[in-house]
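# Overview (structure and organization)
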Amino acid sequence: MKKTLLFTLALAAICILPSCKKDPSQGKVVFGKIQWMYVKSYKDVPLVEQYGHNSWGYFVDFNNDGHNDVQFHSTSELGGKGILTELYCCDENTALLGEIIDQKFTLLANNANDSFDYNSTFMSTNVTLFRYGINYFPMNEVKYIGFKLTKDENTGLGWMKVILHEDYVELLETAVQD
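These figures come from a predicted structure and were not determined experimentally.

### So, the overall build of the chain
Within the chain, the secondary structure is distributed over one helix and 15 strands. Sorting the 178 residues of the chain into buried and exposed places 34% on the buried side. Across the chain, the fraction of contacts at a sequence separation of at least 24, relative to all contacts at a separation of at least 6, is 56%. Accessible surface, the chain as shown: approximately 11000 Å² in total, 53% of it carbon and sulfur.

Below is the structure:
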């Protein structure tokens, strides 16, 4: 009787354990989805601050911890060269989602419902979005920029919903994992 009970329990455990596998979608972030995310909307918030006669930009704190994570920055070049718009990571704890092409980091311009996870390629770097009439990022359309935040031993993923214009970036919304 004891052997039969033990055999039945062992068989039940073998049958149940495979059904307890981790959901493969866990850890993935889907652009535009806000479930389990801290969301901040920038609709109707003027973000362009003047930092000088020919330069303007703004800082973004994704998780409201009082620490700036990225800065969008545009400069009007003297001499008629045009506008230079860049995105800076404020420190090594913020990394942008991209890919390495020919040993160079390229920022990804993602669409709603695209996804990424912790195994994606991230780099804490500065990227050029627009330079003197050359687009390095799609213009005048809603795109998503993914990022990874590391604080102490915690890591969270998130996204920015943006529109790049010729002389500034319109930030619509940010979301970061809670």
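From this point, the narrative continues.
### Considerations on the pairing of strand β11 (residues 127-131)
The pairing of strand β6 (residues 82-89) with β11 spans four bridges and is classified as antiparallel. Bridging across to β11, L87 finds its partner in V127.

### A closer look at the packing of aromatic side chains
Counting across every chain of the model gives six aromatic pairs. Residues F62 and F147 carry aromatic rings whose centres are separated by 3.7 Å and whose planes lie at 10 degrees to one another, so their mutual orientation is stacked. Taken together, the residues span a long stretch of sequence, with F62 in the loop between β4 (55-60) and β5 (70-77) and F147 in strand β13 (residues 142-151) at a distance of 85 residues. Here the two residues F62 and F147 agree in accessibility, since each one is buried. By the ring-pair criterion, three or more aromatic residues cluster together here, those being F31, F116, F122, Y144 and W159.

### Overview of the side chain of N110
The topology assignment puts N110 in the loop between β8 (104-107) and β9 (115-116). Polar contacts involving the side chain of N110 include one to the main-chain carbonyl oxygen of L108, which spans 3.4 Å. What N110 contacts, discounting residues up to four positions off in sequence, is F31, L97, K143, Y144, I145 and G146.

### Section: the pairing of β8
Covered by surrounding structure in β8 are F105 and L107 only, the residues K104 and T106 on the alternate face being uncovered. Where strand β7 (residues 94-101) meets β8, four bridges bridge the pair, whose relative direction is antiparallel. Residue pairing for β8: E99 is matched across the bridge by T106.

### Side note on the environment of E92
Note that E92 resides in the loop between β6 and β7. C-alpha separation for the pair E92 and T150, spaced 58 residues apart in sequence, amounts to 8.5 Å.

### Regarding the layout of surface pockets
Estimated volume of the largest pocket: approximately 340 Å³. The residue inventory of the lining of the largest pocket, partitioned by class, reads four nonpolar, nine polar and six charged. Estimates place the volume of the second largest pocket at around 290 Å³. K104, F105, T106, L107, T125, N126, V127, T128, L129, R131, Y136 and F137 together form the lining of the second largest pocket. When contributions to the lining of the second largest pocket are tallied by element, the ones reaching two or more residues are β8 and β11. Of the residues belonging to the lining of the second largest pocket, the class tally is six nonpolar, four polar and two charged.

Thresholds, definitions, all that
- Residues numbered from 1 in each chain as written.
- Predicted model: local features only at pLDDT ≥ 70, side-chain atom pairs only at ≥ 80, totals over all residues.
- Heavy atoms only, no water.
- Helix = DSSP H or I, 4+ residues; strand = E, 2+ residues; numbered from the N terminus.
- Buried < 20%, exposed > 50% of the residue type's maximum accessible area, 1.4 Å probe, protein only.
- Contact = heavy atoms within 4.5 Å.
- Areas by Shrake-Rupley, 256 points an atom, 1.4 Å probe, with all protein chains shown as cover.
- Pairing = 2+ DSSP bridges.
- Phe/Tyr/Trp six-rings, centres within 6.5 Å; stacked < 30°, edge-to-face > 60°.
- Polar contact = N/O pair within 3.5 Å; in protein donor to acceptor, adjacent residues only side chain to side chain.
- 1 Å grid on protein atoms, 1.4 Å probe; cavity = no way out; pocket = protein on both sides within 12 Å on 5 of 7 lines; lining within 4 Å.
- Points joined across faces, edges and corners; volume = space filled by probe spheres on them.
- Nonpolar A, V, L, I, M, F, W, Y, C, P; charged D, E, K, R; others polar.

Geometric values such as these leave the question of function open.
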